[in-house]
Amino acid sequence: MKLLGFIYGVIAYTLFMSWMVYMIGFLGYFPVPKSVDSVPTSSVGISIFINCLIVAIFAVQHTIMARPAFKQWITKYIPKALERSTFVLVTDIIIWVMIWQWQPIDGVIWDVQNAMVANILIAISILGWAVVCLSSFMINHFELLGLEQVWHYFKGTEPKKMTFQLRGFYKHLRHPLMFGFMMFFWVTPYMTLSHLCLAAIFTTYILIGVKFEERDLIKNHGDEYLKYKEAVPGLIPFAKGKKNG
Ligand SMILES: C[S@@+](CC[C@H](N)C(=O)[O-])C[C@H]1O[C@@H](n2cnc3c(N)ncnc32)[C@H](O)[C@@H]1O
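Residues numbered from 1 in each chain as written. Predicted model: local features only at pLDDT ≥ 70, side-chain atom pairs only at ≥ 80, totals over all residues. Heavy atoms only, no water.

The protein carries the name methanethiol S-methyltransferase in an unreviewed UniProt entry, which gives Methyloprofundus sedimenti as its organism. You can read under Sequence similarities (unreviewed entry) in the UniProt record for the protein the words "Belongs to the nurim family." (UniProt positions renumbered as here; feature names shortened; annotations may be inferred.)

Asks: Describe the site of the ligand, listing the residues and the values that go with them.
Replies: Taken together, 14 residues sit near the ligand, with Gln165, Tyr170, His175, Leu177 and Glu213 positioned nearest. One of the backbone nitrogen or oxygen atoms of Pro176 is found 3.3 Å away from an oxygen atom of the ligand. Between Glu213 and the ligand, the recorded distance is 2.7 Å, taken from a side-chain N or O atom to a nitrogen atom. In isolation the ligand has 570 Å² of accessible area, and contact with the protein removes 85% of it. Of all the elements in the fold, those that place two or more residues in the shell around the ligand are helix H8 (176-186) and helix H9 (193-231). (Near = heavy atom within 4 Å. Polar contact = N/O pair within 3.5 Å; in protein donor to acceptor, adjacent residues only side chain to side chain. Areas by Shrake-Rupley, 256 points an atom, 1.4 Å probe, with all protein chains shown as cover. Helix = DSSP H or I, 4+ residues; strand = E, 2+ residues; numbered from the N terminus.)

Asks: Requested: an account of the side chain of Thr86, with residues and values cited.
Replies: You can see Thr86 is positioned in helix H4 (residues 83-101). A polar side-chain atom of Thr86 sits 2.9 Å from a polar atom in the side chain of Tyr8. Apart from residues lying up to four places away in sequence, Thr86 is in contact with Tyr8, Met65, Ile74 and Ile78. (Contact = heavy atoms within 4.5 Å.)

Asks: So, the environment of Gly5: which residues are in play, and what are the values?
Replies: With respect to the secondary-structure elements, Gly5 resides in helix H1 (residues 2-26). Of the residues examined, Gly5 reaches a relative accessible area of 3% and is grouped as buried. Along the sequence, Gly5 and Gln149 sit 144 residues apart, while their C-alpha atoms lie 9.7 Å from each other. The contact partners of Gly5, leaving out residues within four places of it in the chain, are Leu82, Val150 and Tyr153. (Buried < 20%, exposed > 50% of the residue type's maximum accessible area, 1.4 Å probe, protein only.)

Asks: I'd love a proper account of H1, names of residues and values included.
Replies: Here H1 spans 36 Å end to end across 25 residues, near enough to the 36 Å set by a 1.5 Å rise per residue. Gly28 lies just past H1 and shows a positive phi near 100 degrees. (Expected span 1.5 Å × (residues − 1).)

Asks: Please give an account of unusual backbone geometry that cites residues and values.
Replies: In the Ramachandran plot, Phe238 falls in the positive-phi region, its phi being about 70 degrees despite a non-glycine side chain. Counting through the fold element by element, Phe238 comes out in the segment after H9. By relative accessible area, Phe238 is classed as exposed at 82%.

What follows is the structure in structure tokens.
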């Protein structure tokens, strides 16, 4: 059982990293079988509807499964150590379905012709992706993705409780990971309607998701988080305090 639990966690983690890397190609920065700008097969209306539906499923899953009440409920049926990996695995399935079922939409919003400017924009976008990865390490990458929990489960030891982190990017921004995703999605030399649709619906989710996350962080860390919120901007670096998400 312990070995199976560990394998389950490793599969969830590997699938997670696979779509994270694929996303760089999905945005068009290296060739992949299906990208955000592949050839459209449906009308604009149907495409927008299907794309919004898939991301809405992701948003609902993420919002529900990340809440303490849901975690309490599901750990009645599965070992506590597998809860995070289950969250990660369901996310993986939804994101891979999104990539597979994404409905590209024709239409170019902007297309930067200058090669140097275009390359700088691509570099900033990929830097955003790197900010996502680095931020996860500043919290605790392996715990966020469930691997630490299944490793302790396998060894029969107790994992350390996730603590509130104020290091690295988190000293300057409350949501650097989400900020990294915004850089990744929005900064591009070639913005199509399809790419815009992806960026817009994920941004909407991020803006709603961080509200729920902060509600839980305030419940768990009380005054410490409230003071942090007062002093450190949310999603916009260098902006003043809590007004920014
Ligand atoms: C996907 S991470 C995103 C964190 C943050 N919203 C960001 O954008 O960088 C979500 C998890 O990080 C946790 N978290 C958020 N801020 C944290 C902090 N400063 N220290 C430790 N955990 C944090 C939340 O409780 C949640 O479980």
